[in-house]
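# Commentary on secondary and tertiary structure
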Amino acid sequence: MNQLLIQNVSLFDRNDSLQKTDILIEGNYIKSLNPANFTQSNQCKDEIIDGSNFIALPGLMNCHTHIPMVLFRGFAEDLNLNDWLTKKIFPLESKLSEELVLYGALMGIAELIHNGCTFFADMYFFMESVAKAVDISGIRANLSLGLIDQNGEDGIRKAETFFNNYHLSSQQRIHVFFGPHAPYTCNLQYLKQISNLAKKLKTGIHIHLNETEKEVKDFEDQHHKRPIVALEEIGFFGQTSICAHCVHLDQKEISILKSENALVVHNPSSNMKLGSGIAPIPSMINQQIPVSLGTDGAASNNQLNMFKEMHMASLLSKVSSKDGSILPADTIFKMGTETPGQYLLNGKAGIIKENAFADIILINQSSPSLFPNVIISKSMIHSLQGNEVDTVIINGRIIMKGHRILTFDEKEIQKKANQLIQKTYLC
Ligand code: NI
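Residues numbered from 1 in each chain as written. Predicted model: local features only at pLDDT ≥ 70, side-chain atom pairs only at ≥ 80, totals over all residues. Heavy atoms only, no water.

### Quick notes on the pairing of strand S8 (residues 140-147)
The element S8 is extensively covered by neighbouring structure, given that eight of its eight residues are classed as buried. Residue alternation in S8 divides its side chains into two sets, Arg140, Asn142, Ser144 and Gly146 and Ala141, Leu143, Leu145 and Leu147, and both sets are buried. Across six bridges, strand S7 (residues 117-124) lies against S8 in parallel orientation. Note that in S8 the partner of tyrosine 124 across the bridge is leucine 145. Handedness of the crossover is the feature at issue here: the chain leaves S7, passes through helix H3 (residues 127-137), returns alongside S8, and the resulting connection is right-handed. The pairing of S8 with strand S9 (residues 174-180) spans seven bridges and is parallel. (Buried < 20%, exposed > 50% of the residue type's maximum accessible area, 1.4 Å probe, protein only. Helix = DSSP H or I, 4+ residues; strand = E, 2+ residues; numbered from the N terminus. Pairing = 2+ DSSP bridges. Right-handed = clockwise from strand over helix to strand, strands pointing away.)

Okay, structure coming up:
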């Protein structure tokens, strides 16, 4: 089995101090963590990375995005969600093709990798193209074909076929969930049907919940109850559930998310950009609800940078609660790594430990943003901007080294993607 040794790298211990460590990777997993320079080079038959100038962190996990939407970055600015979606995004999406989505997905994944992200949970369409981009790039992903009422039975059949063809594919780096878009685009019967299918296939769902005040009010006008209450009543939950946004919640809905063991995904930049509001994140964390982070798509962010998202989550909660001590660095870091790793991948991701997946990023310890370099603690996540990430390892394979992606020709993909955008949208 292929072995990779990261020698003499700085790793945070339980006390938040850096310890020099050797990380021995075998196949897809971390085989052992030893004191620095303990592991003899001749014990590792294959590649050795000199880690002496690096800090090793677990790869960041982006739990809600629409990765091909990098194609629309800058096309829809300064709008509320409703106008953003109906006046700009839907017309743009009507012209998408398999080819365009493949190139968009590769460019989106390139941005994730450059910023230290080793996993993303995606909901979109032309998902075969996204799966192909995941396969080519070497990243880990959870993929859902987005479904709305208009997709009907045909959409459900396509989602099931996508599940059958891609779940646990690409060396098991791909997991497939079902993606009913939201309670305002899917009726309750359709939501129930999709949830039942996910349960039958022993997989999960990925959905947008309570993103804006308007959608909650419209739902209440129609159903005389709040969306998450209605979902619980039809037995929608009960499987692994990725619930994006969860901005406008009452206490009953928070209790349902807790009792149904849903994973909440906080999208602070997107919620700020679209003026959607502020999710009650500290309250949910206090009630032991697993809360992760996501960028949402690039058209509503405009960056796919999980370091920025961790920083935004912290600042937004601090300013909205008028409490500078809320959501400290350790909590924010867990939201970006360990919590989703525990929830979505059985504790095998989002953490550097023996027998976990070898999903590791190496940060350049002498980066200006880490100065003074003598007092580094986990609070460094507030300073990191993403460009300090030098090396990215996913599933035991080096995907980026010296800031260069090794699995595909990024420049060539970018050139081709620009040509396709020009031809499709700007001619
Ligand atoms: Ni979204």
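### A few points about the pattern of salt bridges
Evaluated as defined, the whole model comprises 17 salt bridges. A salt bridge links arginine 157 to aspartate 154, with the shortest nitrogen-to-oxygen separation between them at 3.9 Å. Of this pair, arginine 157 and aspartate 154 are both found in helix H4 (residues 152-166), three residues apart, which corresponds to roughly one turn of the helix. Exposure remark for aspartate 154: the relative accessible area of 40% places this residue in the partly exposed category. Because the salt bridges share partners, they merge into one network encompassing Glu220, Arg226, Asp250 and Glu253. (Salt bridge = Lys/Arg side-chain N within 4 Å of Asp/Glu carboxyl O.)

### So, the packing of aromatic side chains
Taken as a whole, this structure holds nine aromatic pairs when the rule is applied. A ring pair is formed by phenylalanine 72 and tyrosine 425, whose centres lie 5.8 Å apart and whose planes are at 85°; its orientation type is edge-to-face. Of this pair, phenylalanine 72 sits in the loop between strand S6 (60-65) and helix H1 (81-93) while tyrosine 425 sits in helix H15 (residues 410-426); the two residues are 353 residues apart in sequence, bridging distant segments of the chain. Owing to a relative accessible area of 1%, phenylalanine 72 belongs among the buried residues under this scheme. Tyrosine 425 sits in the buried class, given a relative accessible area of 14%. Lying across the ring of phenylalanine 357, arginine 140 places its NZ or CZ 3.8 Å from the centre. (Phe/Tyr/Trp six-rings, centres within 6.5 Å; stacked < 30°, edge-to-face > 60°. Lys NZ or Arg CZ within 6 Å of the ring centre and 35° of its normal.)

### What to know about the coordination of the nickel ion
All of the protein donors around the nickel ion are His64 (NE2), His66 (NE2), His208 (NE2) and Asp296 (OD); their distances to the metal are 2.1 to 2.3 Å. Here the nickel ion binds four donor atoms, and the angle range of 85 to 177° at the metal identifies the geometry as irregular. (Donors = N, O, S within 2.8 Å, 3.2 Å for Na, K, Ca; no water. Tetrahedral: all angles 85-135°; square planar, octahedral: opposite > 155°, others 65-115°.)

### Let's talk about the environment of arginine 173
Note on placement: arginine 173 falls in the loop between helix H5 (169-172) and S9. By relative accessible area, which is 3% here, arginine 173 ends up buried. Distance in space between the C-alpha atoms of arginine 173 and arginine 140 is 4.7 Å, their sequence separation being 33 residues. Within polar-contact distance, the side chain of arginine 173 engages the backbone oxygen of isoleucine 139 at 2.6 Å. (Polar contact = N/O pair within 3.5 Å; in protein donor to acceptor, adjacent residues only side chain to side chain.)

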